[in-house]
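A closer look at the structure
Spelled out, the chains give:
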Amino acid sequence: MGRVSRRAFAVAALSAFTMMPQASAATGRRGGAPDSEMRGVWIASVANRDWPSKSGLSAAQQRAELLAHLDTAAGNRLNTVFFQVRPTADAMWPSPYEPWSQYLTGTQGKDPGWDPLGTAVEEAHARGLQLHAWFNPYRVAVHADPSRLAASHPARENPDWVVTYGGKLFYNPGLPQVRAFVEDAMLDAVAKYPVDGVHFDDYFYPYPVAGQTFDDDAAYDEHGGGFPDRAAWRRDNIDRLVRETADRVKEVRPGARFGISPFGVWRNAGTDPLGSDTRAGVETYDDLHADTRKWVREGWIDYVVPQLYWNIGFAAADYAKLVPWWAEVARGSSTQLYLGEALYKAGDPAQPAAWQQTGELSRHLTLAGEYAQVRGHVYFAAKDVAADRIGAMARVVADHYGQPAPPPR
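Residues numbered from 1 in each chain as written. Predicted model: local features only at pLDDT ≥ 70, side-chain atom pairs only at ≥ 80, totals over all residues. Heavy atoms only, no water.

1. Observations concerning the environment of Leu 367
Among the structural elements, Leu 367 can be located in helix α11 (residues 360–368). Expressed as a C-alpha distance, the spacing of Leu 367 and Ile 312, which sit 55 residues apart in the sequence, is 9.3 Å. Leu 367 has contacts with Ile 312, Tyr 319, Ala 320 and Val 323, leaving out every residue within four places of it along the chain. (Helix = DSSP H or I, 4+ residues; strand = E, 2+ residues; numbered from the N terminus. Contact = heavy atoms within 4.5 Å.)

Pasting the structure below:
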């Protein structure tokens, strides 16, 4: 989810699991006041997706736009914002590790004249909202020209850390020094600000690009001994990032929670009988080297938010089939399950007919409420909550968010 585009790959879905529906006491849908449930929204800063609306705005304008997003979240009875503070190996706070984000001023490294993350935490809390700091661990740039980075950028000072792939720059997850650095850079914000959570999106190893190879040969030669193949080594690299970050978050800010929002398909059942009965073009386990099911089952993360960005009955990937699969994964684990919702698709004429119906997202919540493991929903993304193109968010609020509810703990 460093979300220039939240990948909506063609996926054909039938669930590998069937479960008896269970009324969800956690979401308070039996008629009483709501108990705790996640009602979240992502605020994406990469490519000025949600905030700021464009680079180069004054500090006052940037602040006003940010506060408007927080007001909109509170007004819709949401309770959590996931604020992207490290979109491209840069920072939305004064960091000793990385330059100021270019998405603020238009120039990477230029001081915007205020502290967006500090303001966001303070103002979110003032509105009764929790704030999770959202980080993209390995993306360096959405272009492939290191000379466009700030002169002091660590990627320029350590060019051996960087892999060019798919027209973008990435830190190499296979280098232990890279993993240590990105953890230090992210944990700086966690140490400085009273964030309620630490959040990763769906980008670990990059999404595959046809005809291109992610060149980590040297790192594999140096560090890959003892693994049966490169894929297993890569998965171990990401496992280490997740486990180490989880441990360090607990050390630095014990009350903060750590969660991840992966692409919605772990593996296809045709690849692995434990997978969902899908035919996905991308599988996180094999393509991103992110064993998301393992992280949930082992309790390495406090919560998971799979991006279930498809409508009910969609032939390529039926939301109604993927919800029970993820509920079964979460069953009996210590990891809480929230569902990522594609509000951005509602009313988009390029999307299937179901997304032209105001009630599609509301039906998602009704369906998910039948599974006790589902503890709430997170909406992509903030500008879509504000615009609410066809009233889909208003319908969710009217049907499901009649009363405020605290987020799960």
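2. A few points about the pairing of strand β3 (residues 80–86)
Of all 7 residues in β3, 7 are buried, a share of seventy percent or more. As paired elements, strand β2 (residues 38–43) and β3 share 4 bridges and run parallel to each other. Within β3, the position partnered with Gly 40 by the bridge is Thr 80. Taken together, β2, helix α1 (residues 59–75) and β3 form a β-α-β motif whose crossover is right-handed. Note: β3 against strand β4 (residues 130–135), 6 bridges, orientation parallel. Residue pairing for β4: Arg 86 is matched across the bridge by Phe 135. (Buried < 20%, exposed > 50% of the residue type's maximum accessible area, 1.4 Å probe, protein only. Pairing = 2+ DSSP bridges. Right-handed = clockwise from strand over helix to strand, strands pointing away.)

3. Remarks on the nonpolar core
Judged by nonpolar contacts, the single largest core of 126 residues is most densely connected at Phe 135 and Tyr 171. Setting aside residues no more than four positions away along its own chain, Phe 135 makes contact with Val 85, Arg 86, Trp 93, Met 186, Ala 189, Val 190, Val 198, His 199, Phe 200 and Asp 201. (Core = buried A, V, L, I, M, F, W, Y, C linked by side-chain atoms within 4.5 Å.)

4. Let's talk about the packing of α1 against helix α3 (residues 116–126)
The contact between α1 and α3 brings their axes to 10 Å, and the two run at 35°. Considering the relative orientation of α1 and α3, their crossing is right-handed. Each of Arg 63, Leu 66, Leu 67 and Leu 70 in α1 lies in contact with α3, whose residues at this interface are Pro 116, Thr 119, Ala 120, Glu 123 and Ala 124. When the residues that make up the contact of α1 with α3 are grouped by side-chain class, the tally is 6 nonpolar, 1 polar and 2 charged. (Axes fitted to C-alpha atoms, helices over the stretch in contact; angles between N-to-C directions. Left-handed = near helix turned anticlockwise from the far one by under 90°. Nonpolar A, V, L, I, M, F, W, Y, C, P; charged D, E, K, R; others polar.)

5. What to know about the sheet that holds strand β9 (residues 257–260)
Read around the closed barrel, 8 strands run β2-β3-β4-β8-β9-β11-β12-β13, paired in parallel fashion. Looking at chain direction, β4 and strand β8 (residues 197–200) are connected through 4 bridges and run parallel. Bridging from a neighbouring strand, Trp 134 pairs with His 199 of β8.

6. Considerations on the sheet that holds strand β6 (residues 162–165)
If you walk across this open sheet you meet the 3 strands as β5-β7-β6, and the pairing is antiparallel. Each of the sheet's edge strands pairs with one partner strand only, and the pair in question is β5 (139–141) and β6. Between one strand axis and the next, the sheet turns through 35° on average, direction left out of account. Relative to strand β7 (residues 168–171), β6 runs antiparallel, the two sharing 4 bridges. Bridge pairing in β7 places Val 163 opposite Phe 170.

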